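# Notes for the structure review
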Amino acid sequence: MTDLPPRIRRTLELVYGVEGVTAARVWQWEKKVAVGVRGGATSTPADLLRRVEAAVAGVREPEETWEFGILDTES
């Protein structure tokens, strides 16, 4: 397994630190970042995404576009 870039690793650490996150993926290309999460049964998708977005606010760069979504339960 290859090492993750420090910023992606930190983003994943922050995302997994959000209560209710059971799985996470982060994609980065050019000036875009996408974060996908899967939550436990106690979290609503909207609330989970709101908390994840707040958790990563410190690693976001002003010129970047960030998108957040729910991972398919089948993946």
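Right, let's walk through the structure included here. (Residues numbered from 1 in each chain as written. Predicted model: local features only at pLDDT ≥ 70, side-chain atom pairs only at ≥ 80, totals over all residues. Heavy atoms only, no water.)

## Observations concerning the overall build of the chain
Inclusion rule: For the purposes of this entry, the term helix denotes a DSSP run of H or I that reaches at least four residues, the term strand denotes a run of E that reaches at least two, and both are numbered from the N terminus. Here the radius of gyration uses the C-alpha set of atoms, whereas the globule reference equals 2.2 Å times the residue count to the power 0.38.
The helix and strand inventory of the chain stands at two helices and three strands. From first element to last, N terminus to C terminus, the chain shows the α and β order α-β-β-α-β. Computed over its C-alpha atoms, the radius of gyration of the chain comes to 12 Å, within 12% of the 11 Å expected for a compact globule of 75 residues. Taking the principal axes of its C-alpha atoms as reference, the chain extends roughly 35 × 30 × 20 Å.

## Side note on the nonpolar core
Let me state the cut-off plainly: The set of buried Ala, Val, Leu, Ile, Met, Phe, Trp, Tyr and Cys residues whose side-chain atoms join them within 4.5 Å is what this entry labels a nonpolar core. Classification of residues uses two cut-offs on accessible area relative to the type maximum, computed with a 1.4 Å probe and protein chains only: under 20% is buried, over 50% is exposed, and between them is partly exposed. Contacts are assigned to residue pairs that have any heavy atoms within 4.5 Å of one another.
If you look at the biggest cluster of nonpolar residues, it comprises 18 residues, and the most contacted ones within it are Val15, Val21, Val35, Val37 and Val52. When residues of this core are traced back to their parent elements, those giving at least two are helix H1 (6-16), strand E1 (21-29), strand E2 (32-39), helix H2 (45-55) and strand E3 (65-70). No other element matches the four residues that H1 contributes to this core. When near neighbours in sequence (up to four residues on either side) are disregarded, Val21 contacts Val15, Tyr16, Val37, Arg38, Leu48 and Val52.

## So, the sheet that holds E3
How we decide: In this analysis, strands are considered paired if DSSP registers two or more bridges between them. What counts as an axis is a line fitted to C-alpha atoms, over the stretch in contact for a helix, and the angles between N-to-C directions run from 0 to 180 degrees.
Pairing is mixed across the open sheet formed by three strands, whose spatial order is E1-E2-E3. Whereas interior strands pair on both sides, the edge strands pair on one side only; in this sheet they are E1 and E3. Direction aside, neighbouring strands of the sheet carry axes that sit 15 degrees apart on average. Inspection of the sheet shows E2 paired to E3 by six bridges, in the parallel sense. Its bridge partner being in E3, Val33 is matched across the sheet by Trp66. The strands touched by H1 within the sheet are E1, E2 and E3, with E1 carrying the most contacts at an inclination of about 155 degrees.

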